[in-house]
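# A closer look at the structure
What follows is each chain in one-letter form.
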Amino acid sequence: MIKSRTGMFACLAVGVLGLIGVFAAISSDAPRAMHAYLVAFVFWLSLAWGSLGWVQAFNAGRSRWVVLIRRAIEVNASTIPIFAALSLPIFFNLSSLYEWANNPFAGSGEHDLLNFRAFYLGKSFVMARAVLYFALTGALGTALYRWSRLQDARPGEMIYTVRQRFWSAAGLPVLAFCIAFAGIDWVMSLLPGWISTMFGFYLIAGAVVGSMGLFAIQSAWLQSTGLLPSAFPRRGRHNLGTLLFAFTVFWAYVGFAQWMLIWMGNLPEELNWMLLRTVGAWQPVAYFLLIGHFCIPFALLLPVPLKIRPVALAWIGGWVMLCCYVDVYWLVMPHLDAAPHPSWMDLTAFLGVGGVAAATWFFQASRGAAAPLGDQYIHESMQASHG
């Protein structure tokens, strides 16, 4: 069992102080504070949503190699409900973030399109959709973690395994739609009138690779603390590194596909968004993402030795998470600043949301064992050769 009252209260203290800083910043510069808060909120929520996607994929795919370390990512997914509360500052300050909150017909387009956009981006409808996103994904994350813990008390009980597999498979498309449409509502709508058919996929790719980076850190921590009932086999460590490598490539592919479609379409309403981020003051950030988010992890994860070393993989996972944060920053901040201007508000927002989320993680983790001991495949997961 992962019990750390010190860790939980330390994270909670950091989170509360960070949120106090956010509220103080809102009173002095609401647009800057809220853009910083949106970056932090989207980043941390993407890790929880991406973790839910991995839990669902592992369950639906009947993956046995990951069972020994699966509990950490199940706990990640169970933190989703806290983000419903953390979203309140955004919905209480919509006018500081979005043009459409002040002018429903903001942006260009035909008359019918403007009318539809005004309806779709109506404040009540946007908030209703947010409630739906959190209700669906929060229920899935909570249920999957609960069934996994119940199975600990009834080792080998197949009913919980069947439930996890069924609802994981059924919930994967639900999660994908929630991430994609939440990204449209909260990030893409920062520029009314801009349209990208790949934007939802881009956010899904970022959530998947960022959460796998977090999982790499957590798995290394679990292996070093002795909380696991057995050592994690070499093949399992290799699989973890291979997944991080594969979805680093997937993120780059989706990002290139979005850029290529905008370039080929050559439409002003699409080009403005991309030119703002790839020409001028924000261009170095775009190059950083190309090199740091793709080239460096790609090169480091090609050799097998780095994939199977937990500490090395954890460092790479941490770097990938940093790049994911910069990526979200690059998506949001150009709407406010013509050039990158990091501020103390970015730090307070990051620590505020992240601290509360981490405290929730420690609380949830304390409710069960560090590994799903009741899963009928856990012993197979401990073997050097497993499915």
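Residues numbered from 1 in each chain as written. Predicted model: local features only at pLDDT ≥ 70, side-chain atom pairs only at ≥ 80, totals over all residues. Heavy atoms only, no water.

## Side note on the overall build of the protein
Heads up, the condition is: Secondary structure elements are defined from DSSP: runs of H or I of at least 4 residues count as helices, runs of E of at least 2 residues count as strands, and each element is numbered from the N terminus. Whether two residues are in contact is decided by their heavy atoms, any of which lying within 4.5 Å being enough. Surface exposure here means Shrake-Rupley accessible area, sampled with a 1.4 Å probe, where a residue is shielded only by the protein chains that are shown. Here Asp and Glu are counted as negative and Lys and Arg as positive; His is not counted, and neither are the chain ends. The atoms used to mark charge sites are NZ of Lys, CZ of Arg, CG of Asp and CD of Glu.
Broken down by element type, the protein carries 16 helices and zero strands. With respect to the principal axes defined by its C-alpha atoms, the protein has extents near 60 × 40 × 40 Å. The contacts of the protein with a sequence gap of at least 6 include a subset with a gap of at least 24, amounting to 84%. When the accessible surface of the protein is totalled, it reaches about 16300 Å², and 71% of it is carbon and sulfur. Across the protein, the 22 positively charged side chains and the 15 negatively charged ones have centroids separated by 17 Å.

## Quick notes on helix 15 (residues 344-365)
Keep this limit in mind: Given the number of residues in a helix, its expected span is that number minus one, multiplied by 1.5 Å. Relative accessible area decides the class of each residue, using a 1.4 Å probe on protein chains only: under 20% of the type maximum gives buried, over 50% gives exposed, and in between gives partly exposed. Polar contact is defined as a pair of N or O atoms within 3.5 Å, subject to the rule that within protein one atom must be able to donate a hydrogen and the other to accept it, and that residues adjacent in sequence are counted only when both atoms are side-chain atoms.
Spanning 22 residues, helix 15 covers 31 Å between terminal C-alpha atoms, matching the ideal 32 Å at 1.5 Å per step. Helix 15 sits mainly inside the fold: 16 of its 22 residues count as buried. Among the residues of helix 15, the N-terminal cap falls to S343, whose side-chain oxygen and the backbone nitrogen of M345 are separated by 3.1 Å.

## Topic: the side chain of T348
Along the polypeptide, T348 turns up in helix 15. Residue T348 is classed as buried on the basis of its relative accessible area of 16%.

## Details of the packing of helix 12 (residues 283-301) against helix 14 (residues 310-332)
Packed helix pairs are characterised by how far apart their axes lie and by the angle those axes make with each other. The condition that has to hold: As a rule, the C-alpha atoms of each element are fitted with a line to give its axis, helices using only the stretch in contact, and angles between N-to-C directions run from 0 to 180 degrees. By definition in this entry, angles of less than 35 degrees are roughly parallel, angles greater than 145 are roughly antiparallel, angles of 65 to 115 are roughly perpendicular, and the rest are oblique. Note: crossing handedness is left-handed where the near helix turns anticlockwise from the far helix by less than a right angle, and right-handed where it turns clockwise. When residues are sorted by character, Ala, Val, Leu, Ile, Met, Phe, Trp, Tyr, Cys and Pro go into the nonpolar class, Asp, Glu, Lys and Arg into the charged class, and all the rest, Gly among them, into the polar class.
Packing of helix 12 against helix 14 brings their axes to within 10 Å, and their N-to-C directions diverge by 160 degrees. Of the possible angle classes, the one that applies to helix 12 and helix 14 is roughly antiparallel. When you trace helix 12 past helix 14, the crossing you get is left-handed. Counting all contacts with helix 12, which are made through V285, A286, F288, L289, G292, H293, I296, P297, L300 and L301, the residues of helix 14 involved are L313, I316, W319, V320, C323, C324, V326, D327 and W330. Among the residues forming the contact of helix 12 with helix 14, the class breakdown is 16 nonpolar, two polar and one charged.

## Points about a nonpolar patch on the surface
Our working definition: Like charges within 9 Å and nonpolar side chains (Val, Leu, Ile, Met, Phe, Trp, Tyr) within 5 Å are joined into patches, using only residues over 30% in relative accessible area that form no salt bridge. Note on definitions: salt bridges are taken to be side-chain nitrogens of Lys or Arg within 4 Å of carboxyl oxygens of Asp or Glu.
Where nonpolar side chains cluster on the molecular surface, the patch consists of F9, L12, V16, L17 and I20 and spans about 460 Å² of accessible area. One can find L12 in helix 1 (residues 5-28).

## Considering the pattern of salt bridges
Summed over all chains, the structure comprises eight salt bridges. Between R129 and D185 there is a salt bridge; the shortest N-O distance is 2.9 Å. Of this pair, R129 sits in helix 7 (residues 123-153) while D185 sits in helix 8 (residues 158-186), and the two are 56 residues apart along the sequence. Here D185 falls in the buried class, since its relative accessible area comes to 0%. Within this structure, R70, R71, E74, D152 and D375 form a network of salt bridges that share partners.

## Here we look at unusual backbone geometry
Backbone geometry at R62 places phi at a positive 55 degrees, although glycine is not the residue there. Along the chain, the position of R62 falls in the loop between helix 2 (30-60) and helix 3 (70-78).

## Focus: the packing of aromatic side chains
Each aromatic ring pair is specified by the distance between its two centres and by the angle formed by the two planes. In plain terms, the rule: Two aromatic rings from Phe, Tyr or Trp, using only the six-membered ring of Trp, form a pair when their centres are within 6.5 Å; if the ring planes differ by under 30 degrees the pair is stacked, by over 60 it is edge-to-face, and anything between is tilted.
Taken as a whole and assessed by the stated rule, the structure comprises 38 aromatic pairs. Here F43 and Y325 contribute two aromatic rings whose centre-to-centre distance is 5.6 Å and whose plane-to-plane angle is 90 degrees, an arrangement assigned as edge-to-face. On the criterion of sequence distance, the pair formed by F43 in helix 2 and Y325 in helix 14 is long-range, its members being 282 residues apart. An angle of 85 degrees between the planes, with centres 5.3 Å apart, marks the rings of Y325 and F350 as edge-to-face.

## Digging into the environment of R163
In this structure, R163 sits in helix 8. Put simply, R163 and N59 are 104 residues apart on the chain and 9.6 Å apart in space, counted from C-alpha to C-alpha. Leaving out residues up to four positions away in the same chain, R163 has contacts with W147 and S168.

## Quick notes on empty space enclosed by the protein
Our working rule: Of the grid points, spaced at 1 Å and generated over the protein atoms alone, those admitting a 1.4 Å probe that cannot get out make up cavities, while open sets with protein on both sides within 12 Å along at least five of seven lines make up pockets; any residue with an atom within 4 Å of a point is treated as lining. Grid points are joined across faces, edges and corners, and a volume is the space filled by probe spheres set on the points.
Per the stated rule, a full pass over the model turns up three cavities of 30 Å³ or more. Contributing to the lining of the largest cavity are 19 residues, with V42, S46, L203, A207 and V328 lying nearest its centre. Counting residues per element, the ones that place at least two in the lining of the largest cavity are helix 2, helix 8, helix 9 (199-225) and helix 14. Along the lines of polarity and charge, the residues of the lining of the largest cavity split into 14 nonpolar, four polar and one charged. Each pocket or cavity is described by its volume, and for the second largest cavity that value is around 120 Å³. For the lining of the second largest cavity, the secondary structure elements donating two or more residues are helix 2 and helix 8.

## Quick look at the nonpolar core
As a reminder, the rule being used: Here, the term nonpolar core denotes a set of buried Ala, Val, Leu, Ile, Met, Phe, Trp, Tyr and Cys residues that are joined through side-chain atoms within 4.5 Å.
Core analysis: the biggest nonpolar cluster contains 124 residues, and Y37, F41, W49, F83 and W186 have the highest contact counts within it. In terms of residue count, the dominant contributor to this core is helix 2 (20 residues). Ignoring anything within four residues of it in the chain, the contact list for Y37 reads L19, V22, L86, P89, I90, A349 and V353.

## Points about the packing of helix 8 against helix 9
Running from N to C, helix 8 and helix 9 cross one another at 115 degrees; their axes reach a closest spacing of 8 Å. Relative to helix 9, the crossing made by helix 8 is right-handed. From helix 8, A176, I179, A180 and G183 reach across to helix 9, where they touch F199, G200, L203 and I204. A per-class count over the contact of helix 8 with helix 9 returns six nonpolar, two polar and no charged.

## Looking at the side chain of Q218
Turning to its location among the elements, Q218 is positioned in helix 9. When near neighbours in sequence (up to four residues on either side) are disregarded, Q218 contacts A72, I73, N76 and W361.

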